[in-house]
Amino acid sequence: MAMEAAAPHNPAEPTPSANSVELTVTSPEQMRELGRRLAKLLRAGDLVLLSGELGAGKTTLTRGLGEGLGVRGAVTSPTFVIARVHPSLGDGPPLVHVDAYRLSGGLDEMEDLDLDVSLPESVIVVEWGEGKVEELTEDRLQVVIHRAVGDTTDEVRRVTVTGLGGRWAAADLTVLSA
């Protein structure tokens, strides 16, 4: 993984700040490794929002998070079940993996999942959560995965990780590029 110069700001994404890093990922294994590195920064109560095109690597990144957190069960896309809980195999927090792709009702539908109850003791990762879960907490990580739209053969991804809120204000996200 390599650090890149910041691209021009897209208004649909969080404003880049000192707690933002942009990485280039060139394979699914590197995406999983990024997830394993990211897991080292996470603790119970953390919310991670993943966004990107279909096939960008959101679930692959979450697989790496699960490995890094040491949770039970294979991390697979929860598209049809909406949410899966992966208990910790040790003393770390469980991973709650949510795929909000099929949810259109915003926070109302998300409330049915009781994420606000799970958040204090879990790491919650939400794919397709933009506009649906931000009200859970001001402190969250926004992970945007860019890939060439329509090109399913190109493995190169541009990943922007932005920490929002006081929890992430002083976080050294550059450790993700190691």
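Analysis parameters
Residues numbered from 1 in each chain as written. Predicted model: local features only at pLDDT ≥ 70, side-chain atom pairs only at ≥ 80, totals over all residues. Heavy atoms only, no water. Helix = DSSP H or I, 4+ residues; strand = E, 2+ residues; numbered from the N terminus. Buried < 20%, exposed > 50% of the residue type's maximum accessible area, 1.4 Å probe, protein only. Contact = heavy atoms within 4.5 Å. Areas by Shrake-Rupley, 256 points an atom, 1.4 Å probe, with all protein chains shown as cover. Phe/Tyr/Trp six-rings, centres within 6.5 Å; stacked < 30°, edge-to-face > 60°. Lys NZ or Arg CZ within 6 Å of the ring centre and 35° of its normal. Salt bridge = Lys/Arg side-chain N within 4 Å of Asp/Glu carboxyl O. Core = buried A, V, L, I, M, F, W, Y, C linked by side-chain atoms within 4.5 Å. Expected span 1.5 Å × (residues − 1). pLDDT = per-residue confidence, 0-100.

(A) The overall build of the chain, seen in detail. Counting secondary structure elements, the chain contains four helices and eight strands. Secondary structure elements of the chain occur, N-terminal to C-terminal, as β-β-α-β-α-β-β-α-α-β-β-β. Expressed as a percentage of its 178 residues, the buried residues of the chain come to 46%. By sequence separation, contacts in the chain at least 24 residues apart represent 63% of the contacts at least 6 residues apart. Here the chain displays about 8,500 Å² of accessible surface, and carbon together with sulfur accounts for 52% of that area.

(B) Quick peek at the packing of aromatic side chains. Under the definition given, this model contains zero aromatic pairs. Lying over the aromatic face of Trp-168, Arg-167 brings its terminal NZ or CZ to 3.9 Å of the ring centre.

(C) Summary view of the side chain of Thr-60. Relative to the assigned elements, Thr-60 resides in helix α2 (residues 58-69). Apart from the residues within four sequence positions on either side, Thr-60 is in contact with Pro-28, Met-31 and Arg-32.

(D) Representation of the pattern of salt bridges. Counted under the stated rule, the structure contains seven salt bridges. In this structure, the salt-bridge partner of Arg-32 is Glu-67, at a minimum N-O distance of 1.9 Å. Linking Arg-32 in helix α1 (residues 28-39) with Glu-67 in helix α2, this pair joins segments that are 35 residues apart in sequence. When the shortest N-O distance is used, the salt bridge between Arg-167 and Asp-46 registers 2.8 Å. With Arg-167 in the segment after β8 (157-164) and Asp-46 in the loop between α1 and β3 (47-52), the pair connects residues that are 121 residues apart, well separated along the chain. For the pair shown, Arg-167 and Asp-46 are each scored as buried.

(E) Region of the structure containing the nonpolar core. Among the nonpolar cores identified, the biggest contains 27 residues, and Leu-34, Leu-42, Leu-141, Val-143, Val-159, Val-161 and Leu-176 are the most heavily contacted of them. Listing elements by their share of this core, those giving two or more residues are β2 (20-25), α1, β3, α2, β6 (123-127), β7 (140-146) and β8. At four residues, the largest contribution of residues to this core is made by α1. Aside from chain neighbours lying at most four places away, what touches Val-143 is Leu-38, Val-48, Leu-49, Leu-50, Ser-51, Leu-61, Val-159, Thr-160 and Val-161.

(F) Quick peek at α2. With twelve residues, α2 should cover 16 Å at 1.5 Å per step; its first-to-last C-alpha distance of 16 Å lies within 8% of that length. Burial within α2 is extensive, with nine of its twelve residues counted as buried. Buried residues of α2: Lys-58, Thr-59, Thr-60, Leu-61, Thr-62, Gly-64, Leu-65, Gly-66 and Leu-69, and no others. In the core, the buried residues of α2 are packed alongside α1, β3, β5 (95-99), β6 and β7. Backbone geometry just downstream of α2 places Gly-70 in the positive-phi region, at approximately 70 degrees.

(G) Representation of unusual backbone geometry. Not every positive phi belongs to a glycine, and Trp-128 is a case in point at roughly 60 degrees. Structurally, the position occupied by Trp-128 is in the loop between β6 and β7.

(H) Up close: α1. With twelve residues, α1 extends 17 Å between its outermost C-alpha atoms, agreeing within 8% with the 16 Å of an ideal straight helix rising 1.5 Å per residue. Among the residues of α1, those classed as buried are Met-31, Leu-34, Gly-35, Arg-37, Leu-38 and Ala-39. On its buried side, α1 packs onto β2, α2, β7 and β8.

(I) Spatial organisation of the confidence of the model for the chain. Overall, the prediction assigns the chain a mean pLDDT of 82, with 75% of residues at 70 or greater. Predicted confidence for residues 3-12 stays below pLDDT 50, and this span has 14 contacts to residues more than four positions away or in other chains.

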